[in-house]
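# Observations on chain architecture
Below, each chain spelled out in residue letters.
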Amino acid sequence: MGLSFIYPVSIPVRAQESFPALSSEDDTTLSQGARGGVFVWCSAANSERRELYISDVKRQPSGSGMAVNSLSGHFAQTMNARFGIHLAMNAQHCHMFRNSAAAQNARMILMAGARKSDLTVKNAGIF
């Protein structure tokens, strides 16, 4: 049973593709992000409780995949403790963007889709 009740929010693919997150395969983008930083926000859905947990956009000085994966683990640990859910610690909960505007827009698209899916959006707070 374990994690069977936690699934990502179903958002139309076109909404998710509007502001693509950086991938670890994109060396050019990551080297640019490492110099100037990247913007990150994290989210997780709990379909059993009909809730979406989402953080604010944070500026990260390092655009490395390892730093973002560490942040994802920290987010999962905090959400598990704060809300009594069971997020996988090694799952990718955080999304990385080159600029603040793209991060904010993608976050707003996810929140709007969650509300349309009748999920309650909960602020993740400081994690």
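This one's a predicted model, so the numbers in the text were calculated from it and none came from an experiment.

### Comments concerning the overall build of the chain
For the chain, the count of helices and strands is four helices and five strands. The buried share of the chain, taken over its 127 residues, is 41%. Pairs at least 24 apart in sequence give 68% of the contacts found in the chain among residues at least 6 apart. Looking at the chain as shown, the accessible area adds up to about 7100 Å², and 54% of this sits on carbon and sulfur atoms.

### Some thoughts on the pattern of salt bridges
A full pass over the atoms with the stated rule returns two salt bridges. Note that Arg107 is salt-bridged to Asp56, the shortest N-O span being 3.3 Å. Highlighted residues: Arg107 in helix H4 (residues 100–116) and Asp56 in the loop between strand E2 (51–54) and strand E3 (58–60), separated in sequence by 51 residues. For Arg107, a relative accessible area of 10% translates into the label buried. In this structure Asp56 comes out as partly exposed when scored by relative accessible area, which is 44%.

### Brief notes about helix H3 (residues 65–83)
End to end, H3 covers 26 Å across 19 residues, agreeing with the expected 27 Å (1.5 Å per residue, within 8%). Of the surrounding elements, those touching the buried residues of H3 are strand E1 (38–46), E2, E3 and strand E4 (94–97). Immediately beyond the C-terminal end of H3, within one or two residues, lies Gly84, with a positive phi of roughly 65 degrees.

### A look at the nonpolar core
Counting 15 residues, the largest nonpolar core has Val40, Cys42, Phe75, Met79, Leu87 and Cys94 as the members making the most contacts within it. Ranked by the residues each element gives to this core, the list is headed by H3, at five residues. Leaving out residues up to four positions away in the same chain, Val40 has contacts with Asp56, Val57, Lys58, Gln60, Val68, Leu71, Cys94, His95 and Met96. Grouped together as the second largest cluster of nonpolar side chains are 13 residues, Ala45, Ala106, Met111 and Ala114 included.

Cut-offs used in this document
- Residues numbered from 1 in each chain as written.
- Predicted model: local features only at pLDDT ≥ 70, side-chain atom pairs only at ≥ 80, totals over all residues.
- Heavy atoms only, no water.
- Helix = DSSP H or I, 4+ residues; strand = E, 2+ residues; numbered from the N terminus.
- Buried < 20%, exposed > 50% of the residue type's maximum accessible area, 1.4 Å probe, protein only.
- Contact = heavy atoms within 4.5 Å.
- Areas by Shrake-Rupley, 256 points an atom, 1.4 Å probe, with all protein chains shown as cover.
- Salt bridge = Lys/Arg side-chain N within 4 Å of Asp/Glu carboxyl O.
- Expected span 1.5 Å × (residues − 1).
- Core = buried A, V, L, I, M, F, W, Y, C linked by side-chain atoms within 4.5 Å.

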